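Given next are the chains, with one letter for each unit.
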There are 2 protein chains.
Amino acid sequence: MCTKPHPIAEKANRMFFDSNLGDKGLFPGTVQVEKEVISQLGELLNNKNATGFLVTGGTEANMMALLAARNKAKVEKPEVILPYSAHFSFNKIFNMLKIKPIYIPLDKAFRVKVSEVERNINKNTVAIVGTAGTAELGAIDPIEQISEIAVKNKVWHHVDAAFGGLILPFLKETPLFDFRLQGVTSITVDPHKMGMAAIPTGGILFRDRTLIELIKTETPYLTGKTQFTIAGTRTGAAVASAWAVFRFLGRDGFERIVKNCIKNTVTLAKGLKKIGFEVLCEPQLNIVAFRSNNTGKLAEILWRKGWFISYIPKYDCIRVVLMPHTKQKHVAAFLNDLA
Amino acid sequence: MCTKPHPIAEKANRMFFDSNLGDKGLFPGTVQVEKEVISQLGELLNNKNATGFLVTGGTEANMMALLAARNKAKVEKPEVILPYSAHFSFNKIFNMLKIKPIYIPLDKAFRVKVSEVERNINKNTVAIVGTAGTAELGAIDPIEQISEIAVKNKVWHHVDAAFGGLILPFLKETPLFDFRLQGVTSITVDPHKMGMAAIPTGGILFRDRTLIELIKTETPYLTGKTQFTIAGTRTGAAVASAWAVFRFLGRDGFERIVKNCIKNTVTLAKGLKKIGFEVLCEPQLNIVAFRSNNTGKLAEILWRKGWFISYIPKYDCIRVVLMPHTKQKHVAAFLNDLA
């Protein structure tokens, strides 16, 4: 889900190569750059008051959200409700934060069963997670309905839009998944995926400033007096790369790139069906997952031919992500080999 | 504690700009680069069997070690024994991992009181932490004695050498702090500090391969089937930068740079005493901490003059780290302004 960073990302990266956001007082300009990226992400996700940070990736972003939710709830035995399809990094997080996961089954479109979400809420529930673009199938959970449940039950609702967060705002018709939904408390959105920024540039946004107080650490010897991220030392170079890509491409540029990715996705999905493969679900994002009658074997053969696709045992499928560096000619060649 | 990365770090960074260690199968060459850096660090710290990872920095490194220790011990109410002088990032870690910290007071040389360490061990102790070069004063805890206690009590001993780990091996006379000590289970050592690599390049080494099994996560859809780090997506660029600096400088190069840093440190410490400031402890590394009769006020004045030193309320001192980018002329100008 990473791609070749945009050329301007590399240029900006070089300019900020020795900056460190872990020591804020020394790099006030870089701090400002981060604020501007967060502000742009906030606007994109329809909340000008959103506050947040550029972090090492989706795992740190998701962890910060669940840490805040856990610290807010202050229950003995914290539980988090999340779809069976949630990213594997949540398992790391549950182990670290000592949270019990309550996994909810999926419907036929690989989206979480909302009725089951509500049924599993109890006094230990510290958060409900929904995914706006699962890593494996690109499926989008019914965030709007989860948000309503979260409001009704006064529970933290975290949206993992690490991948989809920089695609969905640029599509014409998409389900609501952002801060316009009252229940959405925090959103993960990673510029180093579809944002074409340098690694590491994950992003975490909170609905308002008060929420980050839940994860504050004192930093007694540094030039800034507090930290909120998990990592202390943080590259300003990657942050600058995200800033530069946003500024350079603008909304138009992102729309053009996303449109092209979706075009390639549609071509691939159609081509696969034509050959006779089963496409697991109608792609909503630039991800296609398909099956043959011996998918594991097929994946092996493709690897030997130099197609580095991923095989997903959980759904017995091959998954292709059509990132900006993938071109129509690659899709055509892939379909040709498959045929 | 970061410095301007070495020019060759930038060159290597550029070459590996789009590589991602989170998806191992796609970047086998970068995986090999990481292995070689870990192997070099292992040799430097006298353990060819050491295994480990290049991570986002000292916080992630320390967290991985304490997570492994906690998971190994499997006690209800885990405790970690550590010096009062340990890095503030441990507070983040204790909050996240739900570990109770047992802070131990320091002796007059700002090193942990070993007798107190031993006295506080109980059935809930999952690890003892010692620091080989505290961030604030550069003090080195008596790691050799802590190691003996750890062996005797069969407790995990983690050494935070994030800063000192790439200085101490290049000094002529230094206390033992590495894997030669039987009790040392894991060591944090950050190439993005004195290793002059790009941010983020932290390092965590474990005594042997079996220990990392304690922090393994399955990664069902990626080209590699397991992950051990907290971050998923990881830049290969920073890893390559560490590799290049190690290869380019070699032992001689590092010795030369460290020698120069120490020379500047000695000049500064002597100059400060001559002016009449109190130097808190005789520098063992390239860190000088000093006091006046109104240190807070002095720090403010220095900032206004453009000296971005750090003031540390905990010890009421000003602290200067003499990194490779600091030259004799800077030291002279600083002393001149102070006088």
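Please read all numbers here as calculations on a predicted model, not as lab measurements. (Residues numbered from 1 in each chain as written. Chains lettered and ligands numbered in written order. Predicted model: local features only at pLDDT ≥ 70, side-chain atom pairs only at ≥ 80, totals over all residues.)

## Looking at the domain arrangement of chain A
All names here are of chain A. Applicable threshold: For every domain, the bounds stem from an assignment made automatically or drawn from a database. This entry defines residue contacts through backbone-placed C-beta atoms, with two residues in contact when those atoms are within 7 Å.
For chain A, the assigned domains read domain 1 (7-247) and domain 2 (251-338). Here domain 1 and domain 2 have C-alpha centroids that lie 27 Å from each other. Listed as interface residues are 13 residues of domain 1 and, on the opposing side, 15 residues of domain 2.

## Looking at the sheet that holds strand β3 (residues 100-104) of chain A
Consider a sheet: its strands pair through backbone hydrogen bonds, and that pairing is either parallel or antiparallel. All names here are of chain A. The test is simple: Paired strands, as defined in this entry, are two strands with at least two bridges between them according to DSSP. For the purposes of this entry, the term helix denotes a DSSP run of H or I that reaches at least four residues, the term strand denotes a run of E that reaches at least two, and both are numbered from the N terminus. Lines are fitted to the C-alpha atoms to define the axes, a helix being fitted only along its stretch in contact, and any angle between axes, read from their N-to-C directions, falls within 0 to 180 degrees.
Spatially, 7 strands are ordered β1-β7-β6-β5-β4-β2-β3 in an open sheet, and the strand pairing comes out mixed. Here the strands that pair on one side only, and so sit at the sheet edges, are β1 (51-55) and β3. Here the strands of the sheet are splayed against their neighbours by 20° on average, with no regard to which way each runs. Sheet topology places strand β2 (residues 79-83) next to β3; 5 bridges connect them, and they run parallel. Looking across to β3, one finds that P83 is bridged to I104. Helix-sheet contacts for helix α3 (residues 58-73) involve β1, β2, β4 (125-131), β5 (156-160), β6 (184-188) and β7 (202-206), and the interaxial angle to β7 is about 25°.

## What to know about the sheet that holds strand β13 (residues 317-321) of chain B
All names here are of chain B. Across the sheet, 4 strands lie side by side as β10-β11-β13-β12; this open sheet has antiparallel pairing. Each of the sheet's edge strands pairs with one partner strand only, and the pair in question is β10 (278-279) and β12 (310-312). By the bridge criterion, 2 bridges tie β10 to strand β11 (residues 287-291) in an arrangement that is antiparallel. Across the sheet, V279 pairs through a bridge with F290, a residue of β11. Sitting on the sheet, helix α7 (residues 236-275) is in contact with β10, β11 and β13, with an inclination near 10° to β11. Strand contacts of helix α8 (residues 295-304): β11, β12 and β13, with the helix running at about 45° to β13, the strand carrying the most contacts.

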